[in-house]
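Spelled out from the first residue to the last, the chains are:
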Amino acid sequence: MHDRRSTGVPVSAAQTPQPIDAAGNRRRWQAVGVGLVAAFMTLLDVSIVNVAVPSIDRALHASPSDLQWVLSGYALTFGLVLVPAGRFGDARGRRNAFVFGIALFTATSALAGLATSPTWLVAARLLQGAAAGIVNPQVIGLIQELFRGPERARPFGILGATIGISTAVGPLLGGLLIAIGGEEHGWRWVFFVNVPVGILAAILGWRLLPGRPEGQPTRRRLDPVGVLLLGVGVVLILLPLVQEQQWRTPWKWALIPAGLAVLVAFGLWERWYARHQEPLFDLRLFSFQSYTLGSLIALVYFGGFTAIFFIFTLFLQNGLGYSALVAGLAITPFALGSAAAAVLGGRIVNRFGRPLVAIGLLAVVIGLAGTVVVLRLAPDAPAPWVTAGPLLVAGLGSGLVIAPNQTLTLAQVPVPQAGSGAGMLQTGQRIGSAAGIAAVGSMFFSSLADSRGNWTKAFEQSLTLAAGIIALALIAALIDILRTRGHAQD
């Protein structure tokens with residue numbers, strides 16, 4: 001019997017690693033490799049389009065509302081389908097869901113690149129986001145299925161590096177593609193680049209990913225009422241967040257409590273439904289402190305983490321006049337630090353547990369605070385140069401947060417619920433990202449207006465808010481560490 005308060009990764013008898021031969025080990029790593037490429041591609045599209053917005057505006061004559069939907073519509077549908085897609089993969093086989101999702105993502109990427117009107121592009125982005133939401137829970141579920149106990153730390157570490165790199169390197173890759181393709185058509189290559197990669201990933205996914213496990217029922221009900229309630233709740237919460245700049249009426253915020261009420265109804269329905277059938281999401285996962293606390297940390301951390309790149313890109317491009325390529329290069333130190341630390345964090349999380357996450361969160365807060373300090377001490381120095389050091393520190397910290405926290409959060413999730421459990425974790429991340437961008441972006445634009453166009457001041461104040469949000473995640477991690485030590489001494 002395991003102590004659910006443990007800060008390390010518990011290993012039950014069912015999760016004890018079984019002997020595996022060299023060929024089997026090679027094949028499972030090949031399968032995970034395909035999944036990581038797909039995860040990188042779909043998560044990259046969260047941030048790569050940011051630097052393409054000016055080009056899209058000029059090429060398609062898009063309105064501010066159209067451009068907002070090009071950016072936020074992807075995140076909205078991404079978050080909407082995560083849990084149902086994870087549940088579908090658990091019930092009907094992850095290979096089928098993965099290949100379908102990649103095929104849809106590839107097709108909608110091509111459609112986005114061929115867009116001739118803002119409406120066409122927005123529709124393609126909505127479908128593209130849904131496809132990304134289908135793919136990502138399958139990748140995490142695949143790791144849960146193919147690896148057991150402590151050996152999951154390494155693939156989760158690489159996945160954490162993938163998440164960190166894809167989010168941070170998006171502006172750089174977008175800037176490169178626009179520079180190569182030109183201002184008029186470069187934005188199309190931001191979408192077209194997914195097509196060859198997606199075709200290859202779909203083919204390899206079908207060949208390498210395992211099918212439905214032996215003995216698993218061929219038909220399992222998918223809880224349509226649960227899907228509807230969760231979908232409505234997530235949309236009601238995300239809509240006012242992603243449309244924060246476009247919907248000026250204060251009544252938009254009434255959608256959030258309405259969404260929370262629908263999610264409460266979802267929880268009640270799932271408790272009742274679980275007595276008769278397998279639910280969309282097993283609420284008993286929240287009885288594990290590791291899953292509950294890890295999901296909370298992920299939600300809050302992504303609220304501050306994702307917003308950093310949003311405001312930094314605006315600050316460098318619109319405020320200081322740097323090109324999309326230079327703006328992307330300026331974020332590279334964060335990406336490199338995050339990648340290196342994520343791989344290391346995945347290897348050592350079994351040894352250090354939750355304190356490792358706390359150290360990472362502290363480093364992120366210090367790095368962001370350092371970024372504000374250097375901008376104030378050297379206001380005339382090139383911002384991409386003076387912020388490189390502090391952003392590297394923040395990136396190193398981020399690498400010690402995402403991968404280790406994911407490993408700890410999913411450690412006790414049974415394999416049959418791996419997809420839906422991962423989907424709920426990622427849904428929280430998407431909600432956190434939307435809320436963080438709304439809050440930090442609102443601070444940025446209001447400060448810009450109050451200071452009559454002082455971009456540096458607006459960036460400093462909004463970055464301080466992002467650091468404060470991440471500090472809340474640090475407090476949650478510290479509370480868990482103190483509680484665990486207190487229980488251990490009893």
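Keep in mind that this is a model prediction, so the values were computed, not measured.

**A look at the pattern of salt bridges**
Then step 1. Summed over all chains, the structure comprises 7 salt bridges.
Then step 2. Where R28 meets E151, a salt bridge forms, and the shortest distance between an N and an O atom there is 3.2 Å. Taken together, the residues R28 in helix 1 (residues 22-47) and E151 in the loop between helix 5 (118-146) and helix 6 (153-192) connect sequence positions 123 residues apart.
Then step 3. Looking at R28, the relative accessible area reads 10%, which means it is buried.
Then step 4. One salt bridge in this structure joins R354 and D480, with 3.5 Å as the shortest N-O distance. Taken together, the positions of R354 in helix 12 (residues 354-377) and D480 in helix 16 (residues 455-489) put the pair 126 residues apart, joining distant regions of the chain. Take R354 and D480: they sit in the same class, and that class is buried.

**Focus: the packing of aromatic side chains**
Then step 1. Tallied over the full model, the rule gives 19 aromatic pairs.
Then step 2. Consider the rings of W29 and F147, whose centres lie 5.1 Å apart with planes at 65°: the pair is edge-to-face. Here the residue W29 occupies a position in helix 1, and F147 occupies one in the loop between helix 5 and helix 6, the gap between them amounting to 118 residues.
Then step 3. Residue W29 is classed as partly exposed on the basis of its relative accessible area of 21%.

**Some details on the confidence of the model for the protein**
Then step 1. Of all residues in the protein, 92% have pLDDT values of 70 or greater, and the mean over the chain is 84.
Then step 2. Taken together, the stretch residues 1-17 has pLDDT below 50 and engages in 40 contacts with residues farther than four places along the chain or on a different chain.

Criteria and cut-off values
Residues numbered from 1 in each chain as written. Predicted model: local features only at pLDDT ≥ 70, side-chain atom pairs only at ≥ 80, totals over all residues. Heavy atoms only, no water. Salt bridge = Lys/Arg side-chain N within 4 Å of Asp/Glu carboxyl O. Helix = DSSP H or I, 4+ residues; strand = E, 2+ residues; numbered from the N terminus. Buried < 20%, exposed > 50% of the residue type's maximum accessible area, 1.4 Å probe, protein only. Phe/Tyr/Trp six-rings, centres within 6.5 Å; stacked < 30°, edge-to-face > 60°. pLDDT = per-residue confidence, 0-100. Contact = heavy atoms within 4.5 Å.

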